[in-house]
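# Structure at a glance
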Amino acid sequence: MTRISAIALFCGVGGLSHGLIRAGIKVHAGVDLDPDCKWAYEKNNSASYIHADISTVSGKDLLRLWGDGAIKLLAGCAPCQPFSSYQKGKKAVDNNKWKLLDEFSRLVVETQPDLVTMENVPQLRDHEVFLNFRRTLKANGYHVWSEVVNCLDYGVPQKRQRLVLLASKFGEINLDEPTHANNYLTVRDAIGHLPPLEAGQIDKKDPLHACANLTRINLERIKQSKQGGTWEDWDPSLIANCHKKESGKTYTSVYGRMSWNTPAPTMTTLCFGYGNGRFGHPVQNRAISLREAAIFQSFPETYEFLPHSEEVSFTRLGRMIGNAVPVRLGEVVGESFVKHIQNKLDGHSNGK
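## Description of the environment of Phe337
Its place among the elements puts Phe337 in helix H12 (residues 327-349). Residue Phe337 is classed as buried on the basis of its relative accessible area, which comes to 0%. Along the backbone, Phe337 and Leu73 are 264 residues apart, and their C-alpha atoms lie at a distance of 9.1 Å. Residues contacting Phe337, with those up to four places away along its chain left out, are Ile4, Ile25, Leu73, Leu115, Val116, Thr117, Leu166, Ala167 and Ile173.

Structure, rendered in structure tokens:
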């Protein structure tokens, strides 16, 4: 079977890379600007972590990493903050981040990989920077597929919509058909087996199974919270003043509990905080742990995010986990490429 060799741009802690590896693709290296991701990326993926600003990376740099003989895949997920701002009708504060997809495009042109994949927020789909990316790919001989994907359809146990692009120089390509359509994984499926915790506690066997402490009033609030309910279930004395105003009445998911029998909400960089969304555990009086958040992002429970000797930082680890591409989505992308190559190249070489 023809081997696929990948380099991941904006690799973060390794969600996309780990998914590609699980699909049988060799990942040589990841490139990212966040030094906090280096230890976890290299520990779990047996690949080099290159701490660099993407604008300083050249095509020649990447070609040296790939070497010769394999089918080359360039993968990446440019940070989505500017596109999230676009969704809200605001101008992005950091205009340089709008250029990250252009830098991705530049490296495609300079390296001419056989395969390309990109993952990002759905609202990017109709933005000019993405349309230009597609045009550049087509102008360089790629067949391009892109759609907004419901991650639930592929076994990710959280509500998450993502824009996925696949491109190939070998012919038409598309993402594999859903594996879990109408059979979504639930919160219970994902984390029901984990040891119970109290607010502020860390599991002795797994330092990532740690949850943030709660203030006295938030402990009272979560005790009165129902699965899938809202802060309207509480005693009036516990309701925050901002939620009593007309402008705050629509934010009913904050300070909410998840439900055992439905998928988790979208994981964010602040998913460890009870007041930041529906991030309360279904039955335990606490916010979800960092390990639970990672599981909702479909990281395997064996994935290590920090050395055992290092103190847990909720802010830092929450950012690493919340920003990650779900591993399972990366795996589906990888499996789609593997099947594509088998059909387009290996089949022909076998006389099919």
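There's plenty left to go through after this.
## Some words on the packing of aromatic side chains
Across all of its chains, the model carries 9 aromatic pairs by this definition. Note on Phe10 and Phe104: the rings are 6.4 Å apart at their centroids and 55° apart in plane angle, and the pair reads as tilted. Of this pair, Phe10 sits in the loop between strand S1 (4-9) and helix H1 (15-22) while Phe104 sits in helix H5 (residues 100-111), and the two are 94 residues apart along the sequence. An angle of 75° between the planes, with centres 5.2 Å apart, marks the rings of Phe299 and Phe305 as edge-to-face. Both residues of the pair, Phe299 and Phe305, belong to the buried class. Taken together, Phe10, Phe104 and Phe133 form an aromatic cluster joined through their ring pairs. Arg221 extends its terminal NZ or CZ atom over the ring of Tyr255, reaching a point 5.1 Å from the ring centre.

## Quick word on the packing of H1 against helix H2 (residues 38-45)
At their nearest, the axes of H1 and H2 sit 10 Å apart, and the two run at 5° to each other. As judged from the angle between their axes, H1 and H2 are roughly parallel. Where H1 abuts H2, its residues Ser17, His18 and Ile21 lie against Tyr41, Asn44 and Asn45.

## Quick notes on the sheet that holds strand S6 (residues 143-150)
Reading across the sheet, the 7 strands line up as S3-S2-S1-S4-S5-S7-S6 and stay open at both edges, with mixed pairing between neighbours. The sheet is open, and its two edges are formed by strand S3 (48-51) and S6, each paired on a single side. Neighbour-to-neighbour, the strand axes of the sheet open up by a mean angle of 15°, direction not taken into account. Where strand S4 (residues 71-76) lies against strand S5 (residues 115-120), 4 bridges are found, and the strand directions are parallel. Each bridged residue has a counterpart across the sheet, and for Leu74 the counterpart in S5 is Val116. Contacts from H2 reach S1, strand S2 (26-32) and S3 within the one sheet, and its direction differs from that of S3 by about 160°. Helix H3 (residues 59-66) rests against S1, S2, S3 and S4 of the sheet, and its axis sits at about 140° to S1.

## A look at the nonpolar core
Nonpolar side chains tend toward joint burial in soluble globular proteins. Ile4, Leu20, Met267, Phe296, Phe305 and Phe337 are the most contacted members of the largest nonpolar core, which has 63 residues in total. If sequence neighbours within four positions are ignored, Ile4 has contacts with Ile25, Lys26, Ile71, Leu73, Leu115, Phe337, Val338 and Ile341. One finds Val57, Val116, Val121 and Tyr142 within the second-largest nonpolar core, a separate group that totals 29 residues.

## Here's the deal with the confidence of the model for the chain
Of all residues in the chain, 89% have pLDDT values of 70 or greater, and the mean over the chain is 90. Counting interchain partners and residues more than four positions distant, the pLDDT-below-50 stretch residues 85-94 has 8 contacts.

## Topic: the pairing of S3
As paired strands, S2 and S3 are joined by 4 bridges and run parallel to one another. Across the sheet, the residue bridging to Asp32 is His51, located in S3. Taken together, S2, H2 and S3 constitute a β-α-β crossover, and its handedness is right-handed.

## Quick look at the pattern of salt bridges
Tallying each qualifying case throughout the model produces 15 salt bridges. In this structure, Arg106 and Glu110 form a salt bridge, with 3.2 Å as the shortest nitrogen-oxygen distance. Separated by 4 residues within a single helix, Arg106 and Glu110 lie in helix H5, roughly one turn from each other. Its relative accessible area of 23% is what places Arg106 among the partly exposed residues. For Glu110, a relative accessible area of 38% translates into the label partly exposed. One salt bridge in this structure joins Asp176 and Lys339, with 3.1 Å as the shortest N-O distance. One end of the pair, Asp176, is in the loop between strand S7 (161-168) and helix H7 (187-191); the other, Lys339, is in helix H12, with 163 residues separating them in the sequence. Take Asp176: its relative accessible area is 15%, and that puts it in the buried class. Overall, Lys339 belongs to the partly exposed group, its relative accessible area being 43%. Via salt bridges that share partners, Arg22, Arg328, Glu331 and Glu335 belong to a single interconnected network.

About the thresholds
Residues numbered from 1 in each chain as written. Predicted model: local features only at pLDDT ≥ 70, side-chain atom pairs only at ≥ 80, totals over all residues. Heavy atoms only, no water. Helix = DSSP H or I, 4+ residues; strand = E, 2+ residues; numbered from the N terminus. Buried < 20%, exposed > 50% of the residue type's maximum accessible area, 1.4 Å probe, protein only. Contact = heavy atoms within 4.5 Å. Phe/Tyr/Trp six-rings, centres within 6.5 Å; stacked < 30°, edge-to-face > 60°. Lys NZ or Arg CZ within 6 Å of the ring centre and 35° of its normal. Axes fitted to C-alpha atoms, helices over the stretch in contact; angles between N-to-C directions. Parallel < 35°, antiparallel > 145°, perpendicular 65-115°, else oblique. Pairing = 2+ DSSP bridges. Core = buried A, V, L, I, M, F, W, Y, C linked by side-chain atoms within 4.5 Å. pLDDT = per-residue confidence, 0-100. Right-handed = clockwise from strand over helix to strand, strands pointing away. Salt bridge = Lys/Arg side-chain N within 4 Å of Asp/Glu carboxyl O.

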